[in-house]
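Single-letter residue listing:
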Amino acid sequence: MPFSRIFKGTRAEAVRVDWGDVQVLVRFGLGNHPCSAFLAFRFADASNDEIGRWLSAVTTRVTRADAGTFSADKAEVRCKLARTPIVLNILLTAQGVDRLTSGTHAMRAMAPAFREGMAPRRNSGDSVARRSVVLGDTGLNDPQHWRWRDSDEGEQRIDGILLLYATSPQRLAELLSGEIDHLTRHGMRPTGRSETSERLVLQGKLAKTSPEPFGFKDGISQPILESDWRADVKHEALSDLGRRAVEQSVIRTGEILLGYRNERGAIAGAIGGDLSPLLRNGTYVVLRELHQNVDAFDSFAREAAKAHFGTDHGDHVTWVKERMVGRRHNGEMLTSTNEAPGIKAKRGSMPRQGTLDNDALFHPNDRYGLACPLGSHIRRANPRDSLGPDPGTAMRLGKLRRILRRSRLIAANGHSGMYFMALNADIAGQFEHIQQNWINNERFMGLAEEVDPLSHYRPRGKTQMTIQHRPFNIRLKDIPPFVSVHGGGYFFLPGLAALATIAANLSGRGAR
Amino acid sequence: MGPNCLTVIVPIRDGRAVELKAYLKAEIDPDYHAIDGTLTCKPKMPFHLLEGLHFASFVILDDEDAKPARLVFEATFDGARDAFVNDLVRIATEGLDAIFSNCRGYPATGPTLPAAISAYLIAHDLGAQLMFRGAPGRTVSQIKREAELRKRLKTCASKEAVSVSNGLSSTPNSIGGVQSLLQTVGVRRDATLAWAEDRYREPPEITFGLALAFVRFLPLIAVLSGLWWLLYVLLLAPFADWLTQGTFFSQPYAGLTEIYSSIRAACTPIDGQADTLCRRVARIVAYPLLPIPPVALLLVLTVLAIRWLQHGRNLLYVNPFAQTRTNSAFSNLLGAIRYVASALTVLVFLASLVETPDCRTCNASDYNTLVLSLAWLLRPHTFCEPKSLASHWSINVVVFLTIAAVFAILLFKRTTISIRDQFLADIGAYERSSKLKLDALRIGLFVTGGALAVSLVNLASRLISANVLAVIPPWLVILIATCVVLAGLSAIFWLLVWHGVLEFVERRIQTGDYRPADELLLRADQNEGAYRREDWGNNRRQNQLVSLTHLKPGWWNYVWLRLTLYVIDVLGRYYFNRGSLGDIPTILSARWVLIDNGRQLLFLDHYSGAWDSYLSEFVDMGAVKGVNAIWTNTFIKVRSNGKDATTAYEFPRTNYIFWKGAQNEPAFKAYVRHSQIETLVWYGAYPDLDIVAVNRATALRSGLFEDNTMDRCDAILQDL
């Protein structure tokens, strides 16, 4: 009957995620494991059989998302990872998946952006690859200058990355050397030149113990998966505004995990309703090595303060920096009406990320950017409910673009910066969308001729930023680039069942 | 309302397509400079010399089956077509000759007779079935100089900001002071900017919107209302016949007997006067002019309230324009209102039958006592005087206004929920009142329009009743009445009819054997060449999307598509004329052209921003309904690599035409990708602007010299 087809409810069904099949990174930021190393490897000329055996062994070592508990009491959603001293997760590049599933059509079901990679080869005659323009990786940030790429060949080839986390540096070192042993024993190699035994190991540390290099707290405003947003949180206790403020962070599971319904109501990763078993409980990971030029940032802020206030007194410099980021150094949002009644009601009755007042909505509080500038970094990276005239629509659209960040600071000496890591189910629709249409969009929110002041890269080199102010807006001019890209790739974070299946198939093929 | 469009499509001579393609790319396509965002035209085709040219492009449609390859030249320009073509031919005779000499039917005289080239182009102009303009009514020069003015004012404002913060000058102490400062510093000091003070008059289509459309389409509306009335009265009779003759309602339904007797009472002569059949029929059929009885009003309000509660989320599914609950402006509830209005119509009819039209024929049954007391409360004068036409009308107006007020209250209630969420106390009051004003205006328009439509229907029905219905026997009249009563009892009936029609149409248009669009995702080749210009290279800020799709066979498809394009064209002219088409704010200029005798749909679209986000807007905004309605009956032919054989893939399946379809986002994007055709030549007169900037610049220019309120002035400062 047509009637039922029309009125069929789209009420979200209870989503149950088999967390035992998911790698731990999807659910936990691993706050108790501040030391990390990302070990890139290549299969080299190991036989299918060897790879299969190694892979099935790795699969047993991979830390699963059910290792911790995710509890939602009346106040907040808490995640606790049981005290495992070490954590291991595995990422694969398109080359790696291709190698592991060669001879099958498994690759065809993967997202085109992933198949192409973050640093694809240029077409002949083009000065730059299309994807690099989408991402803003041109000029000095062009992938050809990078230290590592997902499309590298030869000894630099990356088939996958082992993500190693530990509670202490000693534990990490043990874990790292152990994994390298495992690799070489099965005929595989860590990525890097063999003659100099220079390996591609990205040593990281956690942002929570130290602020990110520019001096701001990072990793705030993570989305909450609907499957973790339990019904027993006291929704009634929240005011309308409070509930909306919290729910802005709740996204449907399929936005991050493949195989579940996403915000559009479709099964993420499925083609025509069929989901490749390879994709189930997996997700795509964006990894970029970003270097931050702290000196340039500081001196620019000083110059700007001087130009606008006639003084480079610390408060004024901080004022400029905070307007560029959109937060205070401690991570608080720049809102002028935090104490308004609607906001107050939610206090203590909702999940907080950290202890900061982070859940304010832009549309009711700061629509015109007078507190937190429209073009500031956090507003460009997550405009919440402010993009467009209708906040409801803006919020709905914004939820299509959320990413789960798992960044780590660069621990190697010499560089300050971060290994930016983002998890999303649709690279083109989430990470690339943010990068292209928000961060690097010259006309974001009706602004003109300006891109993200913090992490921009423009062909012309410099950008400007408008700080909304009355009677006249303040304009920061000639902002040089502060962040440069030195490596990156798109990866796949497979589910454990998928890994086991791949391993079994490989061994089977090898034996035949 | 400009700008106008030209779409020349000519077949290319055999074997010349490849050569022509190379020529267009090398000799005609303007060079784009990424750094300063400007275009330099080639000497053979100096587009920039044409003052009124907004956009122009060349595309080649590949040959397929027995059809030759075709060259498409499209232009968007100000002013008259013939004058534009003559200018074009005058400045680029050589280039046009080099291009079109590869095409069939090109005049042999060539460049020696430019008039012949003009005539050739004009003869092959297909125009457009649907043309959308991002900035209607504005010429190229206006757009350019307003953008310059905006840039200039921005610079002035930031200079002022610096001098204020450095203490070099003091802040003007009033809004008027700020405004006059901007006027002086920004405009008046420069004599060349004197034009900015002239008042810009926007086209009446923008100012009056759908009200103007209503006036212009009045004859059409009258005819359609008449037809609808005929359908309403005549086609339902057999259905009612079947319902009443069947056993289902005959015995156990005691209320029906009462209704029959009421109808009989209604048809008996008053005051012993001999009543003609004609008068009786007229009284029933011409119900909209009869005063709406209180019972009807009560019923209507009950139904309204029930439906409103029931609808909640669902009414948004009924209505093609809404997507979320919070997006609940009046215009987004039109679907629900249409629905309630049809319920209202039948209920009014029902009640006007149940109640006897004159109190003097009433008996004292309990039922009628209730009715009478209510009726007396509402309109005591009807008990004293025979009803004149004028009093009927005035009562109707009162009733309409009451219903409108109820609508307004419900609507207000509904929107306030989200308003309370969205706004804090200080700005909340302002938002509420402005939203209320806006909605009141829309409701006013709707009620006025509704009342006019009803009187038209009434006029038509009176004519019909006088001339045609007079020959219908009383039993048929009773049947019709019964049928309408039954329909009124279940408003869902209308929903079913509506969706039944959609279902029927959809079944008819979605026939044939095609591969689902989802399979396109599995294809390794992504039609790379077609989108090489996007996001970088030539079209960094403005892009062109050219898509060619085939219509599925059958005249139904053609009729449906023509109708859809026509409706959207009218909407685009009168409603979506402020820079966004169904919430999509990125289209600069778009056209839909039916070619190949209506078997192919060519979509030529200039937009700003990135392809992926642009397509996402199609998927996620209200416009998805329009996208589905247009493309639901299309398919594309995809040539496999290195083979001549093609596979046909259909547009993602729609549900009742308007739903699903493009909402299958990955499949939809793959479908568009594969339907895309490479743009060979692209010219834009203002390649660094997008439509938001164009409209903001116009608003800024006209706002600057008006007497502004606080918030208008604030909007100006916000933009600087």
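Residues numbered from 1 in each chain as written. Chains lettered and ligands numbered in written order. Predicted model: local features only at pLDDT ≥ 70, side-chain atom pairs only at ≥ 80, totals over all residues.

A closer look at the overall build of chain A
What counts here: Secondary structure follows DSSP: runs of H or I at least 4 residues long count as helices, runs of E at least 2 residues long count as strands, and numbering of each begins at the N terminus. Buried, partly exposed and exposed are defined by the number of other C-beta atoms within 10 Å of a residue's own C-beta, namely 20 or more, between the two limits, and 12 or fewer respectively, with C-beta atoms placed from the backbone. We call two residues in contact whenever the C-beta atoms placed from their backbones are within 7 Å.
Counting its regular elements, chain A contains 15 helices and 19 strands. Sorting the 512 residues of chain A into buried and exposed places 55% on the buried side. Intrachain contacts of chain A at a sequence separation of at least 6 include 73% that bridge at least 24 residues.

Focus on the overall build of chain B
Helix and strand counts for chain B come out as 25 helices and 14 strands. Among the 720 residues that make up chain B, the fraction classed as buried is 40%.

Looking at the environment of A662 of chain B
Residue and element names in this part refer to chain B. If you trace the backbone, A662 turns up in the loop between β13 (659–660) and α23 (665–675). Residue A662 is classed as buried on the basis of its C-beta count, with 28 C-beta atoms lying within 10 Å. In sequence terms A662 and D620 are 42 residues apart; their C-alpha atoms lie 9.1 Å from each other. Apart from residues no more than four positions distant in its own chain, A662 is found in contact with F618, V619, V624, V627, N628, P652 and F668.

Some remarks on the nonpolar core
Note the threshold: Under the definition applied here, buried Ala, Val, Leu, Ile, Met, Phe, Trp, Tyr and Cys residues are grouped into a nonpolar core through C-beta atoms within 7 Å.
Core analysis: the biggest nonpolar cluster contains 243 residues, and L164 of chain A together with Y671 of chain B have the highest contact counts within it. If near-sequence neighbours (up to four positions away) are discounted, L164 of chain A is found in contact with S36, A37, L39, L88, L172, L175, L176 and E179 of chain A.

Re the sheet that holds strand β14 (residues 679–684) of chain B
Residue and element names in this part refer to chain B. Quick reminder of the rule: Two strands pair under a simple rule: DSSP has to find at least two bridges between them. Helix axes use the C-alpha atoms of the stretch in contact, all axes being lines fitted to C-alpha atoms, and the angles between their N-to-C directions lie in the range 0 to 180 degrees.
The sheet built from 4 strands is open, its strands ordered β1-β5-β4-β14 with antiparallel pairing. At either end of the open sheet lies a strand with only one pairing partner, and these are β1 (4–11) and β14. The mean angle between the axes of side-by-side strands here comes to 10°, regardless of whether they run parallel or antiparallel. The pairing of strand β4 (residues 53–61) with β14 spans 5 bridges and is antiparallel. When the bridges of β14 are listed, F58 appears paired with V681.

What about the environment of A697 of chain B?
Residue and element names in this part refer to chain B. Relative to the elements of secondary structure, A697 occurs in helix α24 (residues 691–704). Note on A697: 26 C-beta atoms within 10 Å, which makes it buried. Distance in space between the C-alpha atoms of A697 and I143 is 7.9 Å, their sequence separation being 554 residues.

Quick notes on the pairing of strand β9 (residues 600–608) of chain B
Residue and element names in this part refer to chain B. By the criterion of burial, β9 is predominantly enclosed, with 7 of the 9 residues buried. In this sheet, β9 lies alongside strand β7 (residues 542–551) in antiparallel orientation, the contact comprising 9 bridges. Considered in β9, the bridge of H550 is made with Q600. Here strand β8 (residues 587–595) pairs with β9 via 8 bridges, running antiparallel.

Remarks on the packing of helix α5 (residues 140–165) of chain B against α24 of chain B
Residue and element names in this part refer to chain B. Note the following rule: By the definition adopted for this analysis, an angle is roughly parallel if under 35 degrees, roughly antiparallel if over 145, roughly perpendicular if from 65 to 115, and oblique otherwise. Amino acid classes used here: Ala, Val, Leu, Ile, Met, Phe, Trp, Tyr, Cys and Pro are nonpolar; Asp, Glu, Lys and Arg are charged; the rest, including Gly, are polar.
Across the interface, α5 lies against α24 with an axial gap of 9 Å and an inter-helix angle of 70°. With respect to their mutual orientation, α5 and α24 come out roughly perpendicular. Facing I143, E146, A147, L149, R150 and L153 of α5, the residues of α24 in contact are A693, V694, R696, A697, T698, L700 and R701. Its residues assigned to classes, the contact of α5 with α24 shows 8 nonpolar, 1 polar and 4 charged.

Thoughts on the confidence of the model for chain B
Residues and elements named next belong to chain B. For the record, the criterion: As a per-residue measure, pLDDT reflects the predictor's confidence and takes values from 0 up to 100.
Confidence in the prediction for chain B averages 71 pLDDT; 56% of positions are at 70 or higher. Scored below 50 in pLDDT, residues 266–270 makes 9 contacts in the model with residues more than four places away or belonging to other chains. Scored below 50 in pLDDT, residues 414–428 shows 25 contacts in the model against residues more than four places distant or in partner chains. For this predicted complex, the interface score ipTM comes out at 0.87, while the overall pTM is 0.79.

Regarding the confidence of the model for chain A
As a general rule, the predicted coordinates of low-pLDDT regions are not to be interpreted in detail. Residues and elements named next belong to chain A. For chain A, mean pLDDT is 81; residues scoring 70 or higher make up 82% of the total. Ranking the elements of chain A by mean pLDDT puts helix α10 (residues 341–344) last, at 32, and strand β13 (residues 283–292) first, at 95. Here residues 72–77 scores under 50 on pLDDT; set against residues more than four positions off or in separate chains, the count is 15 contacts. Under a pLDDT of 50 for its full length, residues 231–235 has, in the predicted model, 6 contacts with residues more than four places off or in other chains.

Quick notes on the pairing of β13 of chain A
Residue and element names in this part refer to chain A. Within β13, 9 of the 10 residues are buried, leaving the element largely enclosed by the surrounding structure. Of the pairings in the sheet, the one linking β13 to strand β19 (residues 483–493) comprises 10 bridges and is antiparallel in character. Note that in β19 the partner of L287 across the bridge is G489. The pairing of β13 with strand β16 (residues 417–424) spans 8 bridges and is classified as antiparallel. Bridging from a neighbouring strand, L287 pairs with M421 of β16.

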